[in-house]
Structure formats: C-alpha cells, structure tokens
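Now for the letters of each chain:
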Amino acid sequence: MDQARRDFLGMAAAGLATAALPALAQPAEASGGAQDRVFVTNEDSNTIAVIDPRTNKVEATINLTSFDEDKRQPFRFVTSGAVPTHAAMVQKPLYRGCIGARGAAVSPDTSLLAIAGRGSGNVYLVDARHRSVVGNQPNPHADPSVNPDRISAGVLVGREPHDPAFTRNGRELWVPVRGENRIAIIDAGRALKQVAGEDAQAVRLYLPTLDGPSQVCFDDTGETAFVAGQREAKVDVFSLDFGADGRSRPDRVVTLDISGEDKGAFTSHLKVSADGKEVWLAHKLGDALSSRSTQAPFRLLDAIALGKDARPSHVEFVRNNKGSVVYASFARVDDKGPGGIASSRIAIIDHSAAPGARKVVDLFSSHGREASALWTNPANDRLYVAHEQDELLHTPNPAQTCCTVFDVSDPFAPRFITQVPLGALRLPSGELRNKRSVSLVYVRPALSRANGVTISPS
C-alpha cells in the first residue's frame, strides 16, 4: 500500500472515531463554499459526477467501472470502434466493476461517501475530498492507454443493495439488501481495512427486517432507525442500543402498519426532518406522502395525496427566514413544461402548517425528466435536483442527463438557475456518457446534512 493511501485510511479512521463524540452546533453558512461539492450518482453509467456549486459545472467524474484496465479488447469500453449501449456495457467479457450504482451516503465527518452497486451486490467507499475510490490498487498493466488504477471490489453485502446510510456516530454503515429481507450492518473502520486489502471482515451482522427494504434513516439522536420497504406496506423501527465501543446492538421496537397511507406497498425513500421530530415517507406507487413522529408510539401526522401518477420519489426540507417547506420530487414526466419542453414537477408542502393540515400549496417544474433525488445546501438557499431520464432532442442539452439548480431563498417561490449537463467520463478508449442520475448529495467538508439533520465532526 502506498503512503498516500495509508495517510488517507489513517485520517478517515480517525474521523470515524471522533465522529462518535457529540456534534457541535454550527453557525449559518453562506451558499457555495470553496470546498463544497455536489455528488451525483449515475446508475446506468456507474459513475459519480462531481459538481462545483460555485460554477454549477461538472469538474470531475469518479469512475466505478473496470473498463480500460488492460489494453486488450475484451477489457476495453470501446472495442473496434464500437461503443456499447449503457444496458449492454456491463455484460462485456471480464467486466468486474460496479453494476447499478446508486445511493450517496456521506459520513458524519464528510470524509467518505458510500455508494451501492445494485447489480454487483456490493458497496463502494469514495474519498469525498480527493474524489477517488478507496481501495483502488495501482494497475499492473501500467501504460498510457489504460487507467492507472484497478477498481476496488468494495464490500460484498448481498442481492440488490439499495441506498446506504451511516449511523450518526459514524461507526457503522447500514445497507438495506433490497433483494432480500435484511440489512447489512458494516463496521466502517473495518470496511476501510477490508477494501485496502487487509484481513478484516467489514460486515458485522445481518439484521432481519421487512421483505424488500429500500432505505434506512436515523432520528436526530441517532438511537432509533426507521426502515421502509418496497414489498410490504410496513415500517420497521429499531433501537440501536450502542455499546461502549460505539457499535449498535439493534433491537426491533415495533413494526408499523402503513397500509392506509401506502396503498401500493412501495415506499421508495424516507427522510427525517431537519428538526428531527418527524420522518417523511414517499409512497411511490400510492402517489402519496406521509409523515410520522420520530417519538414512540410513532403516530401518523400527515397523509398527503399527490394526484394520479405523481410517483413521488424523494423528499427534502428547506427552512430559512422566508418559510419552511417540504419538497417532493415527481417521477412523472409532463409534456408541457417551461418552453413546451417535457419536465417533471416538484411539490411544495407548507411545513409550518399544523400536522394533519399540511398539504401541497404549489408545484414547480424540475426543468428535467423524471425528477429523483433532492438536496439543499447548508444555507438552505439552493436546491439541487437529479433526474433519471435524458433530455430530448431540440432542447438546450439534448441526450444529456442533467442536474438542475434552484434559488430557494424564498422556499415558496423557487427560481430556476440553470441546468447542469453531466457530460461524460473520459476513458482511454472513449467517452462513457453519465446517465440516469438516481442519487445526489451536497457535501461541505466538516459540515454535512446527512439524512436531513445538520451534523459535524467534533
């Protein structure tokens, strides 16, 4: 292992240790800090686009593929001048990179991102500050025509892992294994060692849960976990019961029946509000949102119908001196968006209304097709939106997957700023277009809003 890699692993392990201490209060921050970055996970291309929010341009693309690690044709992305379709590229002979990249969980100390490979069944760790995959090794086939690194194998967790989440003390990474009925609980320190090639077992245990778990989030204390799924209209609630070593001893508290709100038994995502008092759920096939108290008995607070085929995907919270809202992205694409261009929409829910009286007060165009993940900056005056479909021909960014940016200084009246085309990863043999953005996170070093709550390392 080279010295730079050793230095990073040492710093990351130290960060995970200090993250177990109580978080310090943070002052309000201006938008667009010099070190801020937006990471967008692209599922079909198995890449991560990195946006500088000061310029709203892609400054780099992180490669999770194994293409071009060897100059022989079976290992290349482009062979004999032929560029494979995104659907076919992972079927190429001897491909061993990520398949189906999704999720973008940031550690409390902001040093690491965790990305799941749905089809490859593993989790990758990414150095958020240096934009590199942790555990990559020098390529023994070093040559100007190949990549200098060989991709890490990551941490194998099971069939169809979905969006990971770090515990609030940074010691563990919880990964819903959506193709099964369990959660892989990874020891973050051991994971760093395992991907570096050391003899360490990263997966601490498998926690039985709902069939088809989609996402985990933690309350503001970090002591309670909420698990939603896409096969059962239920939510599992677990007590983490941390030991002296900062590692959880999870115990199921209750399984909530949410069939009244989740008519399609398909809750894609959930998120804890910024004040930590509520957990909001997006019921994608039920075209509805709901919220519950994060305190036992976890009573239902809101059930909000969004209209036929809204297909809500993610929620995000914005609160500033102009108001407090919940945004919900719609996967549905409407033909007549701004300028006559097809676009999805985003619902605005007045979060300041009393529980039970909350409703959609307005909708705005996402300026992209099939809106997915949402994330605001620490100042709560900018909103970034990921999209799963490419832009159409004869539009400003044809055949590009785009992230869009909004000024939400007034959260009830978002103003479109720009559409960020995500471009391509330049491999030695050709360009791999970034495609199908499913996850997104705004990261400020030493200040992160993981799962909806502002956290910082001590």
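Provided above is the structure to which this section pertains.
Attention in this report is confined to the structure presented alongside it. (Residues numbered from 1 in each chain as written. Predicted model: local features only at pLDDT ≥ 70, side-chain atom pairs only at ≥ 80, totals over all residues. Heavy atoms only, no water.)

## Digging into the overall build of the chain
Looking only at helices and strands, the chain has 3 helices and 35 strands in total. Taking 2.2 N^0.38 as the reference for a compact globule, 458 residues should give roughly 23 Å; the C-alpha atoms of the chain span a radius of gyration of 21 Å, in line with that estimate. Across its three principal directions, the C-alpha atoms of the chain cover 65 × 60 × 40 Å. Long-range pairs, those at least 24 residues apart, make up 53% of the contacts in the chain with a sequence separation of at least 6. Counting only carbon and sulfur atoms, one obtains 50% of the accessible surface of the chain, whose full area is about 17600 Å². (Helix = DSSP H or I, 4+ residues; strand = E, 2+ residues; numbered from the N terminus. Rg over C-alpha atoms; globule rule 2.2 N^0.38 Å. Contact = heavy atoms within 4.5 Å. Areas by Shrake-Rupley, 256 points an atom, 1.4 Å probe, with all protein chains shown as cover.)

## Overview of unusual backbone geometry
Look at the link from Ala296 to Pro297: it is a cis peptide, with omega at 10°. Mapped onto the elements of the fold, Pro297 is located in the loop between strand 21 (288-293) and strand 22 (300-305). Not every positive phi belongs to a glycine, and Thr110 is a case in point at roughly 65°. Inspection of the secondary structure puts Thr110 in the loop between strand 4 (101-106) and strand 5 (112-117). What makes Thr110 buried here is its relative accessible area of 1%. Its identity as a non-glycine residue notwithstanding, His394 has a phi of 65°, on the positive side. Turning to its location among the elements, His394 is positioned in the loop between strand 28 (382-389) and strand 29 (402-407). (Buried < 20%, exposed > 50% of the residue type's maximum accessible area, 1.4 Å probe, protein only.)

## Overview of the side chain of Thr404
Of note, Thr404 is situated in strand 29. A distance of 2.8 Å separates the side chain of Thr404 from the backbone oxygen of Ser366, its partner in a polar contact. Residues in contact with Thr404, not counting those within four places in the same chain, are Ser366, His367, Leu383, Tyr384, Val385, His387, Phe416, Thr418 and Gln419. (Polar contact = N/O pair within 3.5 Å; in protein donor to acceptor, adjacent residues only side chain to side chain.)

## Quick word on the state of the cysteines
Under the definition given, this model contains 0 disulfides. Sulfur of Cys402: no disulfide; nearest cysteine sulfur belongs to Cys403 and is 8.7 Å away. (Disulfide = S-S within 2.5 Å.)

## As for the packing of aromatic side chains
Counted under the stated rule, the structure contains 9 aromatic pairs. A centroid spacing of 5.3 Å and a plane angle of 50° characterise the contact between Phe67 and Phe77, whose relative ring orientation is tilted. Highlighted residues: Phe67 in the loop between strand 3 (57-63) and helix 2 (86-89) and Phe77 in the loop between strand 3 and helix 2, separated in sequence by 10 residues. Exposure remark for Phe67: the relative accessible area of 2% places this residue in the buried category. The buried category is assigned to Phe77, whose relative accessible area is 2%. Arranged with centres 4.9 Å apart and planes meeting at 40°, the rings of Phe67 and Tyr95 form a pair that is tilted. Highlighted residues: Phe67 in the loop between strand 3 and helix 2 and Tyr95 in the loop between helix 2 and strand 4, separated in sequence by 28 residues. Exposure class is identical for Phe67 and Tyr95. Each is buried. Taken together, the ring pairs in this structure connect Tyr327, Phe364, Phe406 and Phe416 into an aromatic cluster. In this structure, Arg182 packs its charged tip against the face of Tyr206, placed 3.7 Å from the ring centre. Across the ring face of Trp375, the terminal group of Lys271 is positioned such that the distance to the ring centre comes to 3.8 Å. (Phe/Tyr/Trp six-rings, centres within 6.5 Å; stacked < 30°, edge-to-face > 60°. Lys NZ or Arg CZ within 6 Å of the ring centre and 35° of its normal.)

## Let's talk about the nonpolar core
Grouped together as the largest cluster of nonpolar side chains are 32 residues, with contacts concentrated most on Phe39, Val40, Leu64, Leu113, Leu440 and Val441. Setting aside residues no more than four positions away along its own chain, Val441 makes contact with Arg37, Val38, Phe39, Ala104, Val106, Leu113 and Trp375. Grouped together as the second largest cluster of nonpolar side chains are 20 residues, Ala105, Val134, Val177 and Ala191 included. (Core = buried A, V, L, I, M, F, W, Y, C linked by side-chain atoms within 4.5 Å.)

## Looking at helix 3 (residues 188-195)
Taken residue by residue, helix 3 has Ala188, Ala191, Leu192 and Val195 as its buried positions. Projection of helix 3 onto a plane perpendicular to its axis shows the buried side chains occupying an angular sector of 100°, all on one side. The first or second residue beyond helix 3 is Gly197, which carries a positive phi of 95°. (Arc of directions from axis to C-beta.)

## Concerning the pattern of salt bridges
Under the defined criterion, the tally for this structure stands at 38 salt bridges. A salt bridge links Arg72 to Asp70, with the nearest nitrogen and oxygen atoms 2.8 Å apart. On the basis of relative accessibility, which here comes to 6%, the residue Asp70 falls in the buried class. Between Arg102 and Asp163 there is a salt bridge; the shortest N-O distance is 3.2 Å. Placement of Arg102 in strand 4 and of Asp163 in the loop between strand 10 (155-156) and strand 11 (165-166) is noted, with a sequence separation of 61 residues between them. Asp163 shares its class with Arg102; the two are buried. If you follow the salt bridges from partner to partner, you end up with Glu43, Arg102, Arg118, Glu160, Asp163, Arg178, Glu388 and Arg436 in one network. (Salt bridge = Lys/Arg side-chain N within 4 Å of Asp/Glu carboxyl O.)

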